[in-house]
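Examining the three-dimensional arrangement
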Amino acid sequence: MKLNNWIHGQGVAPSSGLYLDNVNPKTGEVCGLIPRSDRTDVANAVAAAQAARRLTRLERSELLIAVADAVAKRIPEFAAAEAMDSGKTLQATTHGDIPRALDNLRFYAAALRNDATACHQMEDGFNYTLRQPLGNVALITPWNFPFHLFTWKVAPAIAMGNAVVVKPSELTPTTATLCAEVFTQVGAPNGLLNVVHGLGHEAGEALVQHPDIKAVSFTGGTVTGKHIAGVAAPLLKKISLELGGKNPSLVFADCDLDLAVAGVARAAFFNAGQVCLCGSRLLVERSIYAEFVERLVAEVAAGAWTPGESLGSLISFAHREKVAAYVDLARQEGGTVVCGGNRVGPEKSAFFEPTIITGLAIDCRVATEEIFGPVVTVHPFDSEQQALEMANFVEYGLGSSIWTQNLTRAHRLAERIESGMVWINTWNKRDFRVPFGGMKQSGVGREGGRYSMEFFSQDRNVCIQL
Ligand code: NAD
């Protein structure tokens, strides 16, 4: 499959004529070609966005619903494309990623109709708030949930009246292109949604720099996010940064053990650990430590997380080597691999076993750096205070989960733990309306519900003298 950019409502080849390989990480085979776009393609896309006819509020809501309805009729096609690009199982994309993306579109179609602004009364006057679009916005997305994160940004950006230029990950380009085609097919004005493929430091950076781009919504790694902030901030662009994580799961002796074992395994291994929110640092109260590790290993052995069956591959061969290198490093740092630790599957594929490591110091590299693979380190603690200090030790602050039946303790910890999202006796349970985002090195800003709608618009005040 040879993809093109989607600019002004049509497929457009990159101006350079250059393409990148799209590799299926389950087989190592080239499954398609992706435009290697440059500054010229970005300029064309932004010009198309600038010229796009703007829709009324009702038309925007109806457009998002029409797109969701049209994609819903093609779920097998979208799910197959997503599984091919990302290495996920077809089961996961068919029942997880694609339906979730449709929910994003439908949620913002409805939220838009419910949006309202404030009126502030004074003794002798009143103020009302005008909420207006920003203009043209850049949306830059990673590879771990390609279509979900595409719609997570596109839906609120378009709902609020902007035209958009999306730069999807070069590793997972297909569903963004398919969806852009659908926008045009269901009647979106040309240029309202543009997709430019290519490398981050080429197409992505040109997009961030473009003077007619008013805001940048970025999800990806912390190093990239800092770089983008360095480019966009002096240009006074609005920026939202959703970045990396090294998230703790805190397990107390009074937890429901069955629930905690299953939940902690899911937090560690879902999507092969390639989730910004993954619980990759497991802190367990010492009195149940040995039993908990044993049960976690048994949970993996029972087959719930088997690569090639219930679990997809990692995103690429190169990424698998990075994950494997961290397991080697764990051994050098004094850790014991009690489960997994190996590459599996065909030679050129990117499958890796769910891996549990014990015996590491809480401050070593493997326990503090984002690995972004199916690797969890387990550490015992002796008190609630120590668990909190261990949880807050890392530079990241995205998500955390607390497993205890003592809700007073859970509330107490939730207030003091440094993470944007805290789950109690669950993990990654999501409601579209709640604030999503990180503290510390995990990002700046909040997404979801009204937070995304506020990001993609600007409020202005009008004051009337009575
Ligand atoms: P990445 O930072 O390498 O790339 C993300 C996107 O940025 C890609 O589209 C890439 O092409 C683009 N990019 C790279 N350099 C750029 C530049 N100089 N200018 C503009 N764009 C550029 O991240 P990734 O490897 O695709 O994704 C994995 C990372 O994403 C992990 O760190 C993970 O934690 C993070 N992530 C965070 C969240 C969140 O909500 N906080 C969600 C998913 C993933």
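That block above? That's the structure.
Residues numbered from 1 in each chain as written. Predicted model: local features only at pLDDT ≥ 70, side-chain atom pairs only at ≥ 80, totals over all residues. Heavy atoms only, no water.

Describing the pattern of salt bridges
All told, the structure shown has 19 salt bridges when counted by the stated rule. When the shortest N-O distance is used, the salt bridge between Arg 286 and Asp 382 registers 2.7 Å. Taken as a pair, Arg 286 in helix 10 (residues 286-301) and Asp 382 in the loop between strand 18 (375-381) and helix 13 (384-391) lie far apart in primary sequence, 96 residues in all. A relative accessible area of 49% places Asp 382 in the partly exposed class. Of the charged contacts, one joins Arg 450 and Glu 454 as a salt bridge, the two residues approaching to 3.1 Å between their closest N and O atoms. Taken together, the residues span about one helical turn, with Arg 450 and Glu 454 both in helix 15 (residues 449-455) at a distance of four residues. Residue classification places Arg 450 among the partly exposed residues on the basis of a relative accessible area of 46%. Within the structure, one salt-bridge network assembled from shared partners comprises Asp 254, Glu 384, Arg 409 and Arg 412. (Salt bridge = Lys/Arg side-chain N within 4 Å of Asp/Glu carboxyl O. Helix = DSSP H or I, 4+ residues; strand = E, 2+ residues; numbered from the N terminus. Buried < 20%, exposed > 50% of the residue type's maximum accessible area, 1.4 Å probe, protein only.)

A closer look at the sheet that holds strand 21 (residues 421-424)
One open sheet holds the seven strands; their spatial order is 14-17-18-13-12-20-21, and the pairing between them is mixed. Strand pairing shows two members of the sheet lacking a second neighbour, strand 14 (336-339) and strand 21, which therefore form its edges. Recorded for the sheet is a direction-independent mean angle of 25° between the axes of neighbouring strands. The pairing of strand 20 (residues 399-403) with strand 21 spans four bridges and is parallel. Looking at strand 21, one finds that Ser 400 is bridged to Val 422. The strands that helix 10 touches are strand 12 (247-251), strand 13 (279-285), strand 14, strand 17 (355-358) and strand 18; relative to strand 13, the one it contacts most, it runs at about 140°. (Pairing = 2+ DSSP bridges. Axes fitted to C-alpha atoms, helices over the stretch in contact; angles between N-to-C directions. Contact = heavy atoms within 4.5 Å.)

Some words on the pairing of strand 20
Summarising burial for strand 20: five of the five residues are buried, a large majority. The alternating pattern of strand 20 places Gly 399, Ser 401 and Trp 403 and Ser 400 and Ile 402 on opposite faces, both of which are buried. In this structure, strand 12 lies alongside strand 20, joined through three bridges in parallel fashion. Paired with Leu 250 across the strands is Ile 402, a residue of strand 20.

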